[in-house]
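For reference, the chains in residue letters:
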Amino acid sequence: MFLGGFIFCCLFVISIAQDETNNKLFPEHFLFGAATASYQIEGAWDEDGKGENIWDRYTHTHPELIANNDTGDVACDSYHKYKEDVAMLKELGVDYYRFSLSWSRILPTGFVNKINLPGVTYYKNLIKELKDNGIEPLITLYHWDLPQPLQDLGGWTSEFVVEAFAEYARLSFELFGDDVKYWLTFNEPKQTCLDGYGQGSTAPGIASPGLGEYICAHHVLKAHARAWHIYDQEFRTTQNGQVSITIDTMWCEPATDSEEDVAAAEKALQFTYGWYANAIYNSDYPEIMKTRIAERSLAEGFNQSRLPSFTDEEISYISGTFDYMGINMYTSILVEAVDEVPVGEPNYNYDMGIKSSQSDDWESCSIYWLKITPWGIRKLLNWLKETYNNPAIIITENGVTDDGSTLEDEQRVRFYRDYLSNVRSAMEDGVNVIGYTAWSLMDNLEWRQGYTQKFGLFHVDFDDINRTRTPKISVAYYKKVVETHCLVDTCEE
Ligand code: GBH
């Protein structure tokens, strides 16, 4: 009797959970993939002629800033184990693999004066192994690992880097483009600029708040546009691929439905996502950024806005430089309006001028910033559709971390099911989502969190010289989704 009641109750709970999951099939041509990035997986940091990059420098000179003094020196050793990586992708059955090129593995000086052939061969081999297994490469040109010699000249705060990036992009299209249909110029430029050159909290660790991040972003946008135009003019007709950028954002939910909080949430989206996206998908920086930063700059005693401005020619050169839209999304924040911070020191957060928090009701995982908010991705996708005129969207990263204590990562299974369910619902709302990428294929160097955070579908044993990879149970779930295009046991057409 008691047991009967228990079983009844559990079945009831399971069926409720299933009911909430979208049970429509994903369209036949919908693409599923998995992602990594060079510094986080490759290792071989100084092997075969690879040059030093800003993350090599940062982890080697500031070990105290990285959990357990970890480095990417060996990481997942994918430089030697790429065939195992491809075998895991094959096991998942994914349509594509999103990985990034290490600029300094191909160009140790950062410039095209010296091409490092073993580096080129490595990526050629990886691409061939992928194609032989029926997996398309989706390549990110820049996932945060700037060649150190370019940083020594000022990195992303110097104008010359725009042309250096353009030449690196052209060379990459030349070398690999015949086999690549999808490119991304930059991964999450917000982290590059805000953390790297504004707050100084990640490599290269330059703290120039309220200035460095805007100058950096200005060059990143120009460099992205240069690369897109190079592809468009010199490669598109023969290679027939698509080029975009991936910008990350959290969904910004108004803390209340007051007019002020609603406006504050929109402002937060413009300052985080729109900062990069508006120039590309609409034109120029968002009005609200131009106005607020100009006003605060003048009040602070500057003679011009700390936000650099584009010429009309530059505005039209950058506008429209995308063939699809890439987005990375993990979590959400609640946004409240606040009183204007008195003018004082330049600061991006004061320029934005909002208060953000996360609700205690939202489920946590092992990293502090990632609260599980699957409904947020549906709202974000709808906002992107409305704000940027309904582009074709590839979600280029989405995923969750664990602490490595178990291979039975049932939280990750639920995470993928619930986020994908909301993606599918957004598609029913009319959002044109064409692809979804799980972050990450395997556990890897989670930047300043080192190897303590594990975003992988596959577990990697970092104490083992072989860096043995083992599937977590989420592999079985994602594999089934990729195969059936369905999130539940049986789907409707
Ligand atoms: C992505 O970054 C990266 O592209 C990828 O390399 C990385 O491994 C993956 O996601 C997982 O982190 O402290 O509240 O300001 C996600 C970047 C990380 C951006 C946390 C915002 C700080 C939040 N996000 N970050 S907060």
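About the criteria used
Residues numbered from 1 in each chain as written. Predicted model: local features only at pLDDT ≥ 70, side-chain atom pairs only at ≥ 80, totals over all residues. Heavy atoms only, no water. Helix = DSSP H or I, 4+ residues; strand = E, 2+ residues; numbered from the N terminus. Rg over C-alpha atoms; globule rule 2.2 N^0.38 Å. Buried < 20%, exposed > 50% of the residue type's maximum accessible area, 1.4 Å probe, protein only. Contact = heavy atoms within 4.5 Å. Areas by Shrake-Rupley, 256 points an atom, 1.4 Å probe, with all protein chains shown as cover. Lys, Arg positive; Asp, Glu negative; His and termini not counted. Charge placed at Lys NZ, Arg CZ, Asp CG, Glu CD. Disulfide = S-S within 2.5 Å. Phe/Tyr/Trp six-rings, centres within 6.5 Å; stacked < 30°, edge-to-face > 60°. Lys NZ or Arg CZ within 6 Å of the ring centre and 35° of its normal. Near = heavy atom within 4 Å. Polar contact = N/O pair within 3.5 Å; in protein donor to acceptor, adjacent residues only side chain to side chain. Nonpolar A, V, L, I, M, F, W, Y, C, P; charged D, E, K, R; others polar. Core = buried A, V, L, I, M, F, W, Y, C linked by side-chain atoms within 4.5 Å. Pairing = 2+ DSSP bridges. Axes fitted to C-alpha atoms, helices over the stretch in contact; angles between N-to-C directions.

It is worth spelling out the overall build of the protein at this point. From N to C terminus, the protein includes 17 helices and 15 strands. A globule of 493 residues ought to have a C-alpha radius of gyration of about 23 Å, and the protein, at 22 Å, matches this closely. For the protein, the residues scored as buried account for 58% of the 493 residues in total. Partitioning the contacts of the protein with sequence separation of at least 6, the portion at a separation of at least 24 is 78%. With the model as given, the accessible surface of the protein reaches about 19400 Å², and the carbon-plus-sulfur share is 52%. Between the centroid of the 39 positive side chains of the protein and the centroid of its 75 negative side chains there is a distance of 3 Å.

The next point concerns the state of the cysteines. Any covalent bond linking the sulfur atoms of two cysteines counts as a disulfide. Per the stated rule, a full pass over the model turns up 2 disulfides. Shown here is the disulfide that connects Cys 193 with Cys 216, its sulfur atoms set 2.1 Å apart. One disulfide, between Cys 193 and Cys 216, carries an S-S torsion of -70° and so falls in the left-handed class. Taken together, the residues span a long stretch of sequence, with Cys 193 in helix α9 (residues 189-199) and Cys 216 in helix α10 (residues 212-239) at a distance of 23 residues.

Let's shift gears to the packing of aromatic side chains. Inspection of every chain in the model, using the stated rule, returns 50 aromatic pairs. Ring plane angle 20° and centroid distance 3.9 Å describe the contact between Phe 415 and Tyr 419, whose orientation is recorded as stacked. Within this pair, Phe 415 and its partner Tyr 419 are both found in helix α16 (residues 410-428), separated by 4 residues, close to a single helical turn. Among the residues examined, Phe 415 registers a relative accessible area of 1% and is labelled buried. The rings of Phe 26, Phe 30, Phe 32, Phe 415, Tyr 416, Tyr 419, Tyr 436 and Tyr 478 are connected pair by pair, giving a single aromatic cluster. Lying over the aromatic face of Phe 26, Arg 424 brings its terminal NZ or CZ to 5.8 Å of the ring centre.

Looking now at the site of the ligand. With respect to spatial proximity, 17 residues lie near the ligand, and among them Gln 40, Tyr 368, Glu 397, Glu 446 and Trp 447 are the closest. Separating an oxygen atom of the ligand from a side-chain N or O atom of His 143 is a distance of 2.9 Å. Tyr 368 is positioned such that a nitrogen or oxygen atom in its side chain is 2.7 Å from an oxygen atom of the ligand. Relative to its unbound accessible area of 570 Å², the ligand is 78% covered by the protein chains. When the residues that make up the shell around the ligand are grouped by side-chain class, the tally is 8 nonpolar, 5 polar and 4 charged.

Among the residues of helix α3 (residues 54-61), those classed as buried are Ile 54, Trp 55, Asp 56, Tyr 58 and Thr 59. Taken together, the buried residues of α3 touch α2 (38-41), β3 (136-142) and α7 (148-152).

Right, let's get into the nonpolar core. Trp 156, Phe 165 and Leu 381 are the most contacted members of the largest nonpolar core, which totals 145 residues. Aside from chain neighbours lying at most four places away, what touches Phe 165 is Trp 103, Leu 141, Tyr 142, Trp 156, Thr 185, Phe 186, Ala 223 and Ala 227. Core analysis: the next-biggest nonpolar cluster, separate from the first, contains 6 residues, Tyr 96, Leu 184, Tyr 324 and Ile 394 among them.

One open sheet accounts for 3 strands, arranged β6-β8-β9; its pairing is mixed. Edge positions in the open sheet fall to β6 (251-254) and β9 (354-357), since each of these has one partner strand only. Neighbouring strand axes in the sheet, compared pairwise and without regard to direction, differ in orientation by 40° on average. Sheet topology places strand β8 (residues 332-337) next to β9; 4 bridges connect them, and they run antiparallel. The residue of β9 that forms the bridge with Leu 334 is Ser 357.

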